[in-house]
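Okay, here's what each chain looks like letter by letter:
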Amino acid sequence: FFFKQKTAYEIPKRDWSSDVCSSDLDCSTGLLNVLYTNGDLIVRNAREIDIVFIDKLQKENSYAVGFIQRTIWDKYVFGGERNFVVFICEKNNDTVGYVLVTPGKGVNSYVKIQQIAVRDDARRLDYGSALISVVRDFCETFQRNGATLRCRVDLESNKFWEALGFTKYGVWEKEIGRAHV
């Protein structure tokens, strides 16, 4: 058998600094809402036209973020049939990353970070941190207790989560197949 180890992280809202950005978080209207700005860096809600970028980036990073079929994105994320929220990060009007979250089941629940990806050529430039700032604002605005996620233990992104103040609360192994000789 092969096993894939994952680490679970959380960051309670009480541990956050006061990141402030807009609370116009509706991704399903097709309207552009800028939620965070820092010079020529912005984070905004996703629109349906962003699916081409998201699909390409998640395929390039499927080893780390998994893969969600385009039909699922169309129906559940942008079609409004499920409660997903996607934020897009841009620098100089060039899309560099995204984060997909599920907002939890009401007040005092946790937001779950399902996927986050930044282009390889745009890493270590605070784009991921900007996306997480918007997730933090989302939690504050909608009275969530914080954010949780799962990350494979062999990925460098574990350092990213810890640097942002996330705390490890579990590690487990998942059986992923049978070894054949």
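Note that the coordinates shown come from a computational prediction; the quantities given were computed from them, not determined experimentally.

Examining the environment of I42
Phase 1: Note that I42 resides in strand β3 (residues 41-45).
Phase 2: The class of I42 is buried, set by a relative accessible area of 17%.
Phase 3: Put simply, I42 and D94 are 52 residues apart on the chain and 9.9 Å apart in space, counted from C-alpha to C-alpha.

Points about the packing of helix α1 (residues 51-60) against helix α3 (residues 70-77)
Phase 1: Packing of α1 against α3 leaves a shortest axis separation of 11 Å and a crossing angle of 135 degrees. In terms of axis orientation, α1 runs oblique to α3. Crossing of α1 against α3: the hand is right-handed. Here I51, I54 and Q58 of α1 come into contact with α3, specifically with R70, W73 and D74.
Phase 2: Classifying every residue of the contact of α1 with α3 by side-chain character gives 3 nonpolar, 1 polar and 2 charged.

Here we look at α1
Phase 1: Along α1, the residues that are buried comprise I51, F53, I54, D55, L57 and Q58.
Phase 2: Taken together, the buried residues of α1 touch α2 (62-65), α3, β4 (85-91), β5 (94-102) and β6 (110-118).

A look at the confidence of the model for the chain
Phase 1: On average, the chain scores 78 in pLDDT, and the residues at 70 or more come to 77%.
Phase 2: Mean pLDDT in the chain bottoms out at strand β1 (residues 2-12), which sits at 57, and peaks at β4, which reaches 92.
Phase 3: Here residues 15-24 scores under 50 on pLDDT; set against residues more than four positions off or in separate chains, the count is 22 contacts.
Phase 4: A low-confidence stretch, residues 177-181 (pLDDT under 50), is modelled with 6 contacts involving residues beyond four sequence positions or located in other chains.

Criteria and thresholds
- Residues numbered from 1 in each chain as written.
- Predicted model: local features only at pLDDT ≥ 70, side-chain atom pairs only at ≥ 80, totals over all residues.
- Heavy atoms only, no water.
- Helix = DSSP H or I, 4+ residues; strand = E, 2+ residues; numbered from the N terminus.
- Buried < 20%, exposed > 50% of the residue type's maximum accessible area, 1.4 Å probe, protein only.
- Axes fitted to C-alpha atoms, helices over the stretch in contact; angles between N-to-C directions.
- Parallel < 35°, antiparallel > 145°, perpendicular 65-115°, else oblique.
- Left-handed = near helix turned anticlockwise from the far one by under 90°.
- Contact = heavy atoms within 4.5 Å.
- Nonpolar A, V, L, I, M, F, W, Y, C, P; charged D, E, K, R; others polar.
- pLDDT = per-residue confidence, 0-100.

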